[in-house]
Amino acid sequence: MIEYTRTANAGGLLEMDGVRILLDGVSQAVGDYLATPPDILDQLLSAPLDALAFTHNHRDHFLPEFVRQYAKAGQLPRLIGPKDVAADLPEYSVITAPTKAGAVQIIAVPSRHMGAEYTDTPHYSFLLKGSSMVWFMGDASPLQWQGMERMPHPDLLIAPFAYASTEAAWRITESLSPKRILLTHLPSREQDGEGLWSAVDQIVRQYGEGRVRRPQMGEKCVFN
C-alpha cells in the first residue's frame, strides 16, 4: 500500500512499507503557488520521519528553516538533496548516494529543471523502491525522458502539472507507463492566471480520476 499526503506546493509525505519520507514537503508561497499551511507545518514538525528529500533549492520546494526546526525537535533523519540544498544546510550531512530508509531504497536521479532560465539549477528526481515503485519528479522537465530506453515504469508517478499541460508532454508521461499519476504544483483555481487547470482538467476527464488525481492541500491518497 502507498499513502501520499500533499503537504506543500509540489510535495508531500509518502508512506510505504512502514517508512515515512517527506518529498519537497514544505514550501513558502511563490507567485501563484501555495505555501504549506501553518497547521500542516506543525503536524510535520511533530511527526516521526525516516527521510527528508528535496529535489532542488527553490522555496516552493524546500525550506531550510523547517529542517533546522525539525532537527531541534529531535533526531534529524536522512537528508537527501543536491549541492545547493547542502550549501544552505552546511551544519548537516546531505547525501546524494543511493540510501535506504527501512525497506525503501531512495535513488536520486540527476534531472533537468523545467524552463530555459533554470538550466544551471542542480536538480534530482527521486525513485523510491520498496514493495511498490514511486517516481517523484519535483520540477524535472518531461522532455528529457523522451525516447530514453530502460526507463522505470512506476506504480505511482508524482509529477508537476506540466506533465499533463500539453499533448506532447502527456505522450511522454504515458511512455513512462505509470499505473497511477498524481499531478501537483498547481496554483489554487482562484489564482490560476495562466489557465493551467483547464489543461489538467481535460486530461482527468479523458483518463478518469482512477488513473490521474490532483490532490488538494492536506488530502491523503491511498493506493493498493
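Every chain begins its residue count from 1, and numbering advances along the sequence as written. It should be noted that, the model being predicted, local features are given only for residues of pLDDT at least 70 and side-chain atom pairs only at 80 or more, the latter also being counted only at that level, while totals for whole chains, interfaces and linings use all residues. Only heavy atoms go into the side-chain values, all of them from the structure, while hydrogens and water stay out.

*Asks:* Lay out the pairing of strand β9 (residues 133–136) in plain terms, naming residues and giving numbers.
*Replies:* Burial of the side chains of β9 extends over both faces: Met133 and Trp135 are buried on one face and Val134 and Phe136 on the other. Pairing of strand β8 (residues 124–129) with β9 involves four bridges; the strand directions are antiparallel. The residue bridging leucine 128 from the neighbouring strand is valine 134, located in β9. With three bridges joining them, β9 and strand β10 (residues 156–160) adopt parallel strand pairing. Within β10, the residue paired with phenylalanine 136 across the bridge is isoleucine 158. For the exposure calls, accessible area comes from a 1.4 Å probe over protein chains only, and a residue counts as buried if that area is under 20% of its type's maximum, exposed if over 50%, partly exposed in between. Put simply, DSSP H or I for four residues or longer makes a helix, DSSP E for two residues or longer makes a strand, and each gets a number counted from the N terminus. Pairing between two strands requires that DSSP report at least two bridges joining them.

*Asks:* Kindly report on the environment of proline 38, identifying the contributing residues and their values.
*Replies:* Within the fold, proline 38 resides in helix α1 (residues 38–45). For the pair formed by proline 38 and threonine 173, sequence separation is 135 residues and the distance between their alpha carbons is 33 Å.

*Asks:* I'd like a description of the nonpolar core, backed by residues and values.
*Replies:* Nonpolar cores are built from buried Ala, Val, Leu, Ile, Met, Phe, Trp, Tyr and Cys residues. Side-chain atoms within 4.5 Å join them into one set. Formed by 29 residues in total, the largest nonpolar core has its most connected members in Trp135, Met137, Trp145, Leu157, Phe161, Leu176 and Val212. Among the elements of the structure, β7 (104–110), β9, β10, α4 (167–175), β11 (180–184) and α5 (196–207) are those that each provide at least two residues to this core. Of all the elements, α5 adds the most residues to this core, at five residues. Note on definitions: a residue-residue contact is assigned when non-hydrogen atoms from the two residues lie within 4.5 Å. For valine 212, the contacting residues outside a window of four places in its chain are Trp170, Ile181, Leu183, Ile203, Val204 and Tyr207. Residues Ala53, Val104, Phe136 and Cys221 belong to the second largest nonpolar core, which totals 24 residues.

Structural measurements only, silent on function.
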